[in-house]
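Spelled out, the chains give:
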Amino acid sequence: MLMKTMKINKFLTLLIPILLCAFNTNAQSVTLTGKIVDSKSKEMLAYAGVILKTQPDSVFVSGTISDSNGIFSLININPGRYFIYVEYAGFSPLKREVFVGSKSQYLNVGELFLEPNDAILGAVEVGGKKGEVAARMDKKTYDLKDNISQSGGSVTQAVQNLPGISIQDGKILLRGNSNVIILIDGKQTAITGFGGQGGLDNIPASSVERIEIINNPSSKFDANGNAGIINIILKKEKNDGLHVKGSMGGGVGAWWVRHGNLPDIRPQYTMTPKINPSVSLNYRKDKVNVFFNADDLYTHSLNKNEFTTRYYDDGTLIRQQLKRNRNTNFVTSRIGLDYNPNAQNSFVISGMFGSEKILDRGDEPFFSGNLEERFRLWQFLEDELKTTAMATAVWRHNFKEAGHHVEFSYNYTFHRENERYYFKNTMPTFIGNDSFKLLSDQKVSDFMLDYFRPTKHGKFESGLKFRKRAIPTNMHFQPGLNSPLDVNAGGKATYEEVIPAAYANYVFEKPTYEMEAGLRVEYVSVNYLVNPNHNTYKSDGYNYLQPFPFLRLAKKLGENKKLTLFLNRRVDRPQEVDIRIFPKYDDAEIIKVGNPALKPQFTNSAELGYKSSWDKGYLFLSLYGKQVNGTITRISSTVPGSTLIYAIFQNVNSSINSGIEMVFEQKISKKTSVNLNGNIYYNQIDSFSVHNLYPTPNDFHADQQQIYSGNLKCNIKTTLGKSTEMQVTFIYLAPDIIPQGTISSRYAVNLGLKKMVSSGKGEWYINVSDLFNTMIVRKTIQGDGFYYTISDYQETQSLRFGYKYTFR
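For clarity, every value in this text was computed on a predicted model and none was experimentally measured.

## A look at the packing of aromatic side chains
Argument step 1. Summed over the entire model, instances satisfying the criterion amount to 29 aromatic pairs.
Argument step 2. Where Phe508 meets Tyr513, the ring centres are 6.2 Å apart and the plane angle is 35 degrees; that geometry is what we call tilted.
Argument step 3. An aromatic cluster of at least three residues, connected via ring pairs, comprises Trp378, Phe380, Tyr421, Phe423, Phe436, Phe477 and Tyr585.
Argument step 4. Geometry around Tyr85 places Lys53 over its ring, the cationic atom sitting 4.8 Å from the centre.
Argument step 5. The ring of Tyr618 has Lys611 sitting right over it, with the charged end atom 4.4 Å from the ring centre.

Next up, the structure:
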C-alpha cells in the first residue's frame, strides 16, 4: 500500500508543478537553483516538488521537481522576496524565505534538508503574479532598433543619441572623457582598438543589436579606460530554424557648401553618397547553431574642412585650410558555430574579417593674412588599406548546479595597416613630389580562463588572462625636390606588450542592501624598439605590477529606489600610435609626432548614483569624480627660427573631472515618451612644464586650465498610427577645455521615421542627422609665442533611408 501511495505521490509531484508552470508567463533573467537532501541519510532526493511563492501574499510564481541527483532549477524569476516550498512523499514539507537579487543571473540557495515523516504527503496551490524588475545601476543598455533617428549610419552616428555620450574629433566621449574602451561582444578587437578606440565610423549600425555603457567596470574587465566601457553586442538569431535577414540603406550628405574654399584648391565634396547593404543568415537546430553576417558600408564624405589662422608674437599671420575628401569602403563579415553536445559542455568557434579601403584627397593652401600672397600649396593622396582577421574559440563547462561554470577562451587578432601618401608641394619657386609608405602588422593573442559560481546570496567569479601583442612597423620616406619630410625620422620600430592578469569578484545581496567587491592585479611589460639610426628617439618602455580594486555598495530605499556608491582605480596605457616615432604629414605645418617615452596614466574615481523608477518612467542621478595622475595629452610647440608647430604627446601633471549626470524618462501619453539627459561637469588640467625632444630639444610650460561645462540631450519618441514611429533628438554641447585651449559650444537636431510593413517582416526608415547643419567645431589653441584658431566645417548633415526585411 505504501509503495502504491509513493508512486501516486511521485506522479503528482511530477505532473502538478509542470501544469502550474503553464500559467506563469513571466520571463526574467534569474535562475534559482539548489539541492534537496534527506536530513538523516544525507542522500539526494529525486523528484521532490519545489514551489516558489511571493512574499507576503503567497501567490504562486513557479514550480518544478528535482532531478535524479536532487538538483532543481527555477528559471525566469523576477528579483524580489519569496517563500520556497519543498514537498516529498514521506517527509515533512519545508518552507524557507529566499531573496532573489538582480546582480547575478543565478542564485544558489544551497542544500535544503527535509525531515523524514512517512505520514505526510505534499499539497500544491495554484496562482500567478508578475513582479517588478529591479533597476540595475552598473550599466545602461540600449537597443539600437529604438534609435530611429540614426538608423542606417555607423556606430559613431548611432551612439551620439545615447545619454552621457558626445562625439569630438571622431571619438566617443563619456561624460566629456575620451578614454573609453570599445568592446565587440565583450572582447577587444583591432577594429575598435586595443586599449583605445577607433574604427567606429566604419562599423555599420545595422550589424549591432544593442550597446552597453559601463561607467564603472568591475574587476572582471581589463583595467584600462578610465572613462568606462562601451560594449557593442552584434546581432545573432536565438530562435530555431533558418532565419534570413537583409537590408539596403542609402543616403546623401553635405547638401551644400557651408564655407567656401580658400583660393587655388579643388572643390569640396557635396551631395556625398552613402550605401549600406547587409545580410544575416542563422540556422539553429537541436545542438547546433550556425550564423553568418556581412555588411558593406560605402561612403563619400567631406571628412575634414578646417579653416585655421595662426598668430605669432612677432606679428606673423598665416591663414590655411585643410580640406579632405574621403572615399571609404568597409566590408565586415562574421561566421561562427555554436555546438552544445550535452548540458555540461558548449563550444563556440567564430571568425571575423574586416577590410577597410580609404582614399583621401587633400588640399592645404597657406596664405598671408589678406590672402594676397600664397606661401605654399600642399596636396596629397592617401591610399590606405586596413585588413583585420580575428578568430575566437570558447569552451564552457557547466557543473550540475545551475550557473556554476568554467570557461576557457582564446582570441587571436591580425591587423594590417598598409598606408601610402603621395604629396605635391607647390612653392613660389619650385614644385616637389614626395611620398612615404607605412606598413604595420599587429598580432594579438589573448588567453582567458573565467570561473563563475552562484552563492546563496550572490555570486563569486574569478579568472586569469594573458595577452601577448606585437606591432612591427616600418616607415619609408621618399623625398622629392627640397623635401620638407624628415627622412631621418623613418625606419623600423616594434611595439611589444605582455600582460598577465588575475581577478576575483564577489557579489553579496540582501533584501535591502548589496555589496560587490573585487580586485584585479595586472603585470604589464612594454618595450618599444626604435631604429638605432633615428635622429631623435631611442628605444624605451616601461613595466609595472599594480592592483586595481573595485567596490560597489548599494542601499535599497524602497521597492523601486536605490542608492549606489562606486569606488575604483583604473589605468590608461599609451597606444602604439601615441608613441610612434614617425611624423605625420597630412598637415604640412601642424605636424603630429609620437613619443616613445610616454608612460601610463592612473585614475582614482568615485561615483554616487540614485535611481527611482515608476510605472511609466524613471529618474537617474549621479555625482562623480575622477583624479588622473600623469595625464596624457598632446602638446603643441614651436622651435626657434620656425613657424612649424609640432604636436607631441606628453605626460603632464594631474587633472580632475567631476560632475553630475541626470537621466529622466517619462511616457507622457500612450503614444509619446521623452528621455532627457543632462551632464554638468568641471574639468581641470593642472599647470605643467615638459621637455620635448622632437625635432630639437625645447621646453614648454602651461598654466592651469579649468572650466565648467556640460551637455544636454533630449529624445522624443512618438507613435504615428499603428505601425509608424518618429524620433526627434536635440543635442547641445557646452564650451569645454581641450589641451592648451578651448572648444566652443555646438548643437544639432536629428530626426527619424520608421514604418513596419509586411506583417512586421519589413521596415522602411528615413532620417536626417544635423537637420539644420549647425554642428560646427571651433577651437582655440594657445602655445608659447603663438596661438591659433580652428573652425571645422566637415560634413555632419546627412539624409539616410533604407528597407529591412526578415525571411522567416
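On we go.
## A short note on the sheet that holds strand β27 (residues 590–593)
Argument step 1. The sheet built from three strands is open, its strands ordered β27-β31-β30 with mixed pairing. At either end of the open sheet lies a strand with only one pairing partner, and these are β27 and β30 (632–637). This sheet shows a mean twist of 30 degrees between the axes of neighbouring strands, independent of strand direction.
Argument step 2. In terms of strand pairing, β30 meets strand β31 (residues 645–651) through six bridges, oriented antiparallel. Counterpart to Ile635 in the pairing with β31 is Ile648.

## Comments concerning the environment of Gly241
Argument step 1. As for its position among the elements, Gly241 is in strand β14 (residues 241–253).
Argument step 2. Remark: the alpha-carbon pair of Gly241 and Arg284, spanning 43 residues in sequence, is separated by 5.1 Å.
Argument step 3. Excluding residues that lie within four positions of it along the chain, Gly241 makes contacts with Asn282, Tyr283 and Arg284.

## Some thoughts on the confidence of the model for the chain
Argument step 1. Scored by pLDDT, the chain has a mean of 86; 92% of the residues are at 70 or more.
Argument step 2. For the chain, helix α1 (residues 2–21) is the element with the lowest average pLDDT, namely 40, and strand β43 (residues 786–792) is the one with the highest, namely 96.
Argument step 3. Under a pLDDT of 50 for its full length, residues 1–28 has, in the predicted model, 37 contacts with residues more than four places off or in other chains.
Argument step 4. Considering only residues more than four positions removed or in separate chains, one finds that residues 120–136, a stretch of pLDDT under 50, has 45 contacts.

## Describing unusual backbone geometry
Argument step 1. A cis amide bond, omega 0 degrees, links Gln55 with the succeeding residue Pro56.
Argument step 2. Structurally, Pro56 can be placed in the loop between β2 (49–54) and β3 (60–65).
Argument step 3. Residues Tyr694 and Pro695 are joined by a peptide bond in cis, for which omega reads -5 degrees.
Argument step 4. Tracing the backbone shows Pro695 in the loop between β34 (688–692) and β35 (698–702).
Argument step 5. Even without being glycine, Asn76 reaches a positive phi, approximately 60 degrees.
Argument step 6. Tracing the sequence through the fold places Asn76 in strand β4 (residues 71–77).
Argument step 7. In this structure, Asp770 is a non-glycine residue whose phi angle is positive, near 50 degrees.
Argument step 8. You can see Asp770 is positioned in the loop between β41 (762–769) and β42 (777–783).

## Brief notes about the nonpolar core
Argument step 1. The biggest cluster of nonpolar side chains holds 52 residues, and the ones touching the most others in it are Trp378, Tyr585 and Tyr694.
Argument step 2. When near neighbours in sequence (up to four residues on either side) are disregarded, Trp378 contacts Gly362, Asp363, Glu364, Phe366, Phe423, Lys424, Asn425, Pro484, Leu485, Tyr585, Asp586 and Ala588.
Argument step 3. In terms of nonpolar packing, the next biggest core, distinct from the first, is built from 25 residues, Tyr142, Ile191, Ile211 and Met352 among them.

## Section: the environment of Met775
Argument step 1. Relative to the helices and strands, Met775 is located in the loop between β41 and β42.
Argument step 2. Separated by 22 residues in the primary sequence, Met775 and Gln797 place their C-alpha atoms 8.3 Å from one another.
Argument step 3. Excluding residues within four positions of it along the chain, Met775 makes contact with Arg258, Arg746, Tyr747, Ala748, Asp770 and Thr796.

## Describing the pairing of β43
Argument step 1. With respect to burial, β43 is a largely interior element, five of its seven residues being buried.
Argument step 2. Judged from the seven bridges that link them, strand β16 (residues 288–312) and β43 form a sheet pairing that is antiparallel. The residue of β43 that forms the bridge with Thr309 is Thr789.
Argument step 3. In the sheet, β42 pairs with β43 via seven bridges, with the strands oriented antiparallel.

Criteria and cut-off values
- Here the residue numbers are simple positions, counted from 1 along each chain's written sequence.
- Whole-chain, interface and lining totals are the exception, using all residues; otherwise, since this is a predicted model, local features are given only for residues with pLDDT of at least 70 and side-chain atom pairs are given and counted only at 80 or more.
- The side-chain quantities take in all heavy atoms of the structure and omit both hydrogens and water.
- Note on ring pairs: Phe, Tyr and Trp rings are taken, using the six-membered ring of Trp, and paired if centres are within 6.5 Å. Classes follow the plane angle, with under 30 degrees stacked, over 60 edge-to-face and the rest tilted.
- Charges are assigned to positions over rings by a cutoff of 6 Å between ring centre and Lys NZ or Arg CZ, combined with an angular limit of 35 degrees from the ring normal.
- One bridge is not enough; two strands pair if DSSP finds at least two bridges between them.
- For the purposes of this entry, the term helix denotes a DSSP run of H or I that reaches at least four residues, the term strand denotes a run of E that reaches at least two, and both are numbered from the N terminus.
- Axis lines are fitted through C-alpha atoms, for helices just across the contact stretch, and the angle between N-to-C directions can take any value from 0 to 180 degrees.
- Here, two residues are considered to be in contact whenever any of their heavy atoms come within 4.5 Å of each other.
- Scored between 0 and 100, pLDDT is the confidence that the predictor attaches to each residue.
- Residues belong to one nonpolar core when they are buried, are Ala, Val, Leu, Ile, Met, Phe, Trp, Tyr or Cys, and are joined through side-chain atoms within 4.5 Å.
- The classification of residues rests on relative accessible area computed with a 1.4 Å probe and restricted to protein chains. Under 20% of the type maximum is buried, over 50% is exposed, and intermediate values are partly exposed.

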